[in-house]
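Tertiary structure, described
Here is what each chain is made of, one letter per residue.
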Amino acid sequence: DDAYGHEYTVPGGDHLLTLGDDDAWMEFMRAGRADLEAQGFTIHVHPEFPLNFAEITDWYGETDDSHGGWFTLDLGIVVDGQRLSLIPILADLIARQPHLFTPEALAELKDDEVLHASLGDGRRVALPAGRVRAILGVLVELNLRDLPPGPLRLPLLDAARVAQLEEAVQARWLGAERLLDLGRRLRDFRGVQDITPPQGLRADLRPYQRQGVAWLQFLREYGMGGILADDMGLGKTVQTLSHLLLEKESGRADRPSLVIAPTSVIGNWQAEAAKFTPDLRVLTLHGKDRRAQFALIPEHDLILTTYPLLPRDITELGAFEYHLVILDEAQNIKNTRTAAAKAAGSLSARHRLALTGTPLENHLGELWSQFNFLAPGLLHDEKTFRELYRTPIEKRGEASRRQALAARVRPFILRREKRDVARELPPKTEIPVRVTLDGDQ
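So, here's what we can say about the structure.

Criteria and thresholds
- Residues numbered from 1 in each chain as written.
- Predicted model: local features only at pLDDT ≥ 70, side-chain atom pairs only at ≥ 80, totals over all residues.
- Heavy atoms only, no water.
- Helix = DSSP H or I, 4+ residues; strand = E, 2+ residues; numbered from the N terminus.
- Buried < 20%, exposed > 50% of the residue type's maximum accessible area, 1.4 Å probe, protein only.
- Contact = heavy atoms within 4.5 Å.
- Areas by Shrake-Rupley, 256 points an atom, 1.4 Å probe, with all protein chains shown as cover.
- Arc of directions from axis to C-beta.
- Salt bridge = Lys/Arg side-chain N within 4 Å of Asp/Glu carboxyl O.
- Pairing = 2+ DSSP bridges.
- Axes fitted to C-alpha atoms, helices over the stretch in contact; angles between N-to-C directions.
- Parallel < 35°, antiparallel > 145°, perpendicular 65-115°, else oblique.
- Left-handed = near helix turned anticlockwise from the far one by under 90°.
- Nonpolar A, V, L, I, M, F, W, Y, C, P; charged D, E, K, R; others polar.
- Core = buried A, V, L, I, M, F, W, Y, C linked by side-chain atoms within 4.5 Å.
- Phe/Tyr/Trp six-rings, centres within 6.5 Å; stacked < 30°, edge-to-face > 60°.
- Lys NZ or Arg CZ within 6 Å of the ring centre and 35° of its normal.

A count of helical and extended segments in the chain gives 15 helices and 14 strands. Expressed as a percentage of the 441 residues in the chain, the buried residues total 44%. Expressed as a percentage of contacts within the chain between residues at least 6 apart in sequence, the contacts between residues at least 24 apart total 66%. Accessible surface, the chain: about 23600 Å² in total, of which carbon and sulfur atoms supply 50%.

Our focus in this paragraph is helix α9 (residues 266–276). Buried within α9 we find I266, W269, A273 and F276. Buried residues along α9 cover an arc of 120 degrees about the axis, so they all sit on one side. Within α9, the exposed residues directed more than 90 degrees away from the buried face are A274 and K275.

Before going further, it helps to spend a moment on the pattern of salt bridges. Inspection of every chain in the model, using the stated rule, returns 16 salt bridges. Notably, a salt bridge pairs E387 with K383, separated by 2.9 Å at the nearest N-O pair. One end of the pair is E387 and the other is K383, both in helix α14 (residues 382–395) and four residues apart, which spans about a single turn. On the accessibility criterion, K383 (51% relative accessible area) is exposed. Look at the salt bridges and you will find they share partners, linking R290, R291, D313 and E316 into a network.

On to the sheet that holds strand β11 (residues 302–306), then. Reading across from one edge, β10-β11-β9-β12-β13-β8-β14 is the order of the seven strands in this open sheet, with parallel pairing throughout. Pairing within the sheet leaves two strands with one partner each, and these edge strands are β10 (282–284) and β14 (413–414). For strand β9 (residues 257–261) and β11, the ladder comprises five bridges, and the chain directions are parallel. By the bridge assignment for β11, S257 is matched with L302. The sheet strands contacting helix α7 (residues 207–221) are β8 (226–228), β13 (348–355) and β14, and the helix crosses β8 at an angle near 170 degrees.

What follows covers the pairing of strand β4 (residues 114–118). Burial along β4 is one-sided: L115 and A117 are buried, while V114, H116 and S118, pointing the other way, are not. Pairing geometry for β4 and strand β5 (residues 124–128), over five bridges, is antiparallel. If you follow H116 over to β5, its bridge partner there is A126.

Turning our attention to the packing of α7 against helix α8 (residues 236–250). Where α7 contacts α8, the axes come no closer than 9 Å and their chain directions differ by 50 degrees. Taken together, the axis directions place α7 and α8 in an arrangement best described as oblique. Note that α7 runs across α8; the crossing there is right-handed. Along the contact surface, α7 presents Y208, Q209, G212, V213, L216, Q217 and R220, while α8 presents V238, Q239, T240, S242, H243, L246 and E247. Here the residues of the contact of α7 with α8 sort into five nonpolar, seven polar and two charged.

Ranked by size, the top nonpolar core spans 114 residues in total, and within it L86, L90, V132, I135 and F371 carry the most contacts. It is helix α4 (residues 129–141) that contributes the most residues to this core, eight residues altogether. Those residues within four positions of L86 in sequence are excluded, and the remaining contacts are W59, L75, G76, I77, L127 and V132.

To continue, consider the environment of Q82. With respect to the helices and strands, Q82 occurs in strand β3 (residues 82–85). Given the relative accessible area of 46%, Q82 is considered partly exposed. As a C-alpha pair, Q82 and I56 span 26 residues in sequence and 9.9 Å in three-dimensional space.

Aromatic ring pairs are defined here through the distance separating the ring centres and the angle between the ring planes. Under the definition given, this model contains one aromatic pair. Between F385 and Y389 the ring centres are 5.5 Å apart and the planes differ by 45 degrees, which places this aromatic pair in the tilted class. Here the residue F385 and the residue Y389 both occupy positions in helix α14, the gap between them amounting to four residues, near one helical turn. Exposure class is identical for F385 and Y389. Each is buried. We note R83 situated over the ring of Y60; from NZ or CZ to the ring centre the distance is 4.0 Å.

Below, the structure is given as structure tokens:
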């Protein structure tokens, strides 16, 4: 009996009312319960009753890319006319069973397998693995780090995720047209459109160089930064000059572009610009008399300066806005704490580009530093990058983390080695030069 003295009797086991199997119970929970409630019954469902499933009537996806380099991504379901974000529901599922949600385990999930997730109110939902695997992969890769209660916040360069999700989830997408277009092109990266070389170019681009210029144009079209990482000698400078000339001839370059290079290659930039792209107005800011030339920056197409001078001149250079900021021999900013790296990151430009034959020399932190200039946030902050990638890859040799990092940066690095394009290169020319050594030499 209870606190009020009422007595209750429970019928024997042979008189308990029950249903035959799980399907019958789920049908009762879906429809029969509502019928009983309509007749005046009050129904209490124990929080741990395993078959209290909610019915999903629709799926939706929502993005907003108006955040300047970022976009928000939400994926959800509609239950009883109410929209519920799947992000926290799936994050809870992973947190409860982390051993089931590794990249390897997700790859082995069959599309028709069903994942049972909790809605937090005692009800559960049955989620087909094929529809949620892609978003689970995003959450696993992010390690549930700093997940907000609402939509995910991701770098714009991550739009390939949206195309992947659209294909898998078959949801109604809101506000996603531009992102989906970008995402499909990122996902199908090899489909970059060929270009017509600029009219004023005084050079015949080799096929791989033309492909490189097309790739630079692709990055520019979607406002993304990238690393042109061709081997030394394959013409990164002429590809970049061709790209700059295309921008001028199209009218898009209504501001100057700035190249920051080691002092030793400034002369090479001047010579190649004069030879291959004479239509570009070039201003070299070097030497003691450069102070008088800062005011001339807006009148030129291409501004050349050096890594040692950049921090010293950052106030004057930072007063202007640029079409492109280009780091040549970008390994010079592999230490993000140097004055040159900080100064380069502070410059205002529509587009950013790095040129280097050695994007990675010693450790993954160098790659992070270059992407921190190109696309801050793509590889998270330095501490998160170390925890998510550097430590697992460098110290524990985790293949899944290495694959995840490679997938993240692959669309934004173009690297061709000499052996890849050997047929397109001219025959090697050897010119012996005799040098007389004297004195200290």
